[in-house]
Amino acid sequence: GKVEVSYKKLFSVDDLSRLNADEIQDILNKEIQTNDYLYNETAKNIYKTNEVMKNIEQLLYKCPVCGAEFENESGNNYLVCKKCHNKVEMDNSYALSAVNGKLPFKNPKDWFDYEREEVKKEIQDPEFYLEDEVEIGFLPKYEYLKNLKTSEIEGNGVLRIDHDGIHFKGKRNNEPYEVEFNLVETPTYGMCTDASRFYTFYKGEFIEFYPKRLSTIKWLLVTEELHRLHNGKWKNYNDW
């Protein structure tokens, strides 16, 4: 599809001599923000694909109509909640429309932002936790990965996050294996290919988690917001 770029001069030499570092950063944070979905409401650019919503339930895991989580199911151009059957479609300009029931959001970004706000509410409970059965993967020491693999599965167990940290307990290569992550030192996760799994590093070693549920994005949001809640360094921009 069509890609459009806009640019402008943000600072003169005089501006940079007059502003302090925090003021410069605040301006950059504001100016670098973009919302492609909002932009395309007017631009109406069309993007060529027959699978515009394929696997989008990895990102849009929560039904805003009935509140069910991990019950959404996608087709090539639709997303439906298996619990309440609310169904939406997305066209090739990335605009959502209702098939039956309600249209809670106009685009995927608004839906994703809703999920983050719901997580912020959940973690106010001091007893909050998120827990999943996962497989754990690691990088092989002396060979390449093939066929789009991003790690080799070496174990499984239970991954849990709560106000005390992130905890894994299970087995690796048939031996007991436990991992503890500090919330302040774990601001977010990476994803190598899609949102079916996520990775971080433990004592310098790459470790990838494969949840049995499609819960990766909830893990991402919960970890980011608990990191912020517990005075981690990654903060929201001032106007977000």
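These numbers come from a predicted model, not from an experiment.

1. Considerations on the overall build of the protein chain
Now for step 1: Along the protein chain, the regular secondary structure elements total five helices and ten strands.
Now for step 2: Principal-axis analysis of the C-alpha atoms gives the protein chain an extent of 55 × 55 × 45 Å.
Now for step 3: For the protein chain, the proportion of its 240 residues judged to be buried stands at 39%.
Now for step 4: Long-range pairs, those at least 24 residues apart, make up 52% of the contacts in the protein chain between residues at least 6 apart in sequence.

2. A closer look at the pairing of strand 9 (residues 198–202)
Now for step 1: A one-sided burial pattern is seen for strand 9, the buried positions being Phe198, Thr200 and Tyr202 and the unburied ones Tyr199 and Phe201.
Now for step 2: Summarising the sheet, strand 9 and strand 10 (residues 205–211) pair through five bridges and their orientation is antiparallel. Bridge pairing in strand 10 links Tyr199 to Glu208.
Now for step 3: The turn linking strand 9 back onto strand 10 is made up of two residues, and Lys203 within it adopts a positive phi angle of 50 degrees.

3. Description of the packing of helix 4 (residues 108–122) against helix 5 (residues 216–229)
Now for step 1: Running from amino to carboxyl end, helix 4 crosses helix 5 at an angle of 55 degrees, the nearest separation of the two axes being 9 Å. Considering their axes alone, helix 4 and helix 5 lie oblique with respect to each other. Handedness of the crossing formed by helix 4 with helix 5: right-handed. Packed against helix 4, whose contacting residues are Phe112, Glu115, Arg116, Val119, Lys120 and Glu122, the element helix 5 presents Ile217, Lys218, Leu221, Val222, Glu224, Glu225 and Arg228 at the interface.

4. Some thoughts on the sheet that holds strand 2 (residues 78–81)
Strand pairing within a sheet occurs via backbone hydrogen bonds; the two strands may be parallel or antiparallel.
Now for step 1: Taken together, the four strands give an open sheet; going across it, the order is 1-2-3-4, and neighbouring strands pair in antiparallel fashion. Strands at the two margins of the open sheet, each flanked by one partner only, are strand 1 (72–74) and strand 4 (96–100). Taking the axes of each pair of neighbouring strands and ignoring which way they run, one obtains an average angle of 25 degrees across the sheet.
Now for step 2: Pairing geometry for strand 1 and strand 2, over three bridges, is antiparallel. Of the residues in strand 2, the one forming a bridge with Ser74 is Leu79.

5. A few points about the nonpolar core
Side chains that are nonpolar tend, in soluble globular proteins, to be buried together.
Now for step 1: Among the nonpolar cores identified, the biggest contains 29 residues, and Ile136, Leu159, Ile161, Phe168, Tyr177, Ile207 and Phe209 are the most heavily contacted of them.
Now for step 2: The leading source of residues in this core is helix 5, at six residues.
Now for step 3: Apart from the residues within four sequence positions on either side, Ile161 is in contact with Phe128, Tyr129, Leu130, Ile166, Leu183, Trp219, Val222, Thr223 and Leu226.
Now for step 4: In this structure, Met53, Val88, Leu96 and Phe105 belong to the second largest nonpolar core, which totals eleven residues.

6. Description of the packing of aromatic side chains
Now for step 1: Scanning the entire structure with this criterion turns up 15 aromatic pairs.
Now for step 2: Ring geometry for Phe105 against Tyr114: centres 5.3 Å apart, planes inclined by 40 degrees, an arrangement best described as tilted.
Now for step 3: A ring pair is formed by Phe168 and Phe209, whose centres lie 6.3 Å apart and whose planes are at 50 degrees; its orientation type is tilted. On the criterion of sequence distance, the pair formed by Phe168 in strand 7 (residues 165–172) and Phe209 in strand 10 is long-range, its members being 41 residues apart.
Now for step 4: Note on Phe168: relative accessible area 1%, which makes it buried.
Now for step 5: Overall, Phe209 belongs to the buried group, its relative accessible area being 1%.
Now for step 6: The structure contains a cluster of three or more aromatic residues connected by ring pairs, namely Phe138, Phe168, Tyr177, Tyr189, Phe198, Phe209 and Trp219.
Now for step 7: Here the basic side chain of Arg160 rests over the ring of Tyr129, its NZ or CZ set 4.1 Å away from the ring centre.

7. Considerations on the state of the cysteines
Now for step 1: One pass over the full model with this rule turns up zero disulfides.
Now for step 2: Looking at Cys66, it has no disulfide partner, and the nearest cysteine sulfur is the one in Cys81, 3.7 Å off.
Now for step 3: The exposure class of Cys81 is buried, given its relative accessible area of 1%.

8. Notes on the pairing of strand 7
Now for step 1: By the bridge criterion, eight bridges tie strand 6 (residues 152–162) to strand 7 in an arrangement that is antiparallel. The residue of strand 7 that forms the bridge with Gly157 is Gly170.
Now for step 2: Joining the antiparallel neighbours strand 6 and strand 7 is a turn of two residues.
Now for step 3: When strand 7 meets strand 8 (residues 175–181), the two strands line up antiparallel, connected through seven bridges. For Lys171, the partnering residue across the bridge sits in strand 8 and is Pro176.
Now for step 4: Hairpin connection of strand 7 to strand 8: two residues between the antiparallel strands, including Asn173 at a positive phi of 50 degrees.

Conventions and cut-offs
- Residues numbered from 1 in each chain as written.
- Predicted model: local features only at pLDDT ≥ 70, side-chain atom pairs only at ≥ 80, totals over all residues.
- Heavy atoms only, no water.
- Helix = DSSP H or I, 4+ residues; strand = E, 2+ residues; numbered from the N terminus.
- Buried < 20%, exposed > 50% of the residue type's maximum accessible area, 1.4 Å probe, protein only.
- Contact = heavy atoms within 4.5 Å.
- Pairing = 2+ DSSP bridges.
- Axes fitted to C-alpha atoms, helices over the stretch in contact; angles between N-to-C directions.
- Parallel < 35°, antiparallel > 145°, perpendicular 65-115°, else oblique.
- Left-handed = near helix turned anticlockwise from the far one by under 90°.
- Core = buried A, V, L, I, M, F, W, Y, C linked by side-chain atoms within 4.5 Å.
- Phe/Tyr/Trp six-rings, centres within 6.5 Å; stacked < 30°, edge-to-face > 60°.
- Lys NZ or Arg CZ within 6 Å of the ring centre and 35° of its normal.
- Disulfide = S-S within 2.5 Å.

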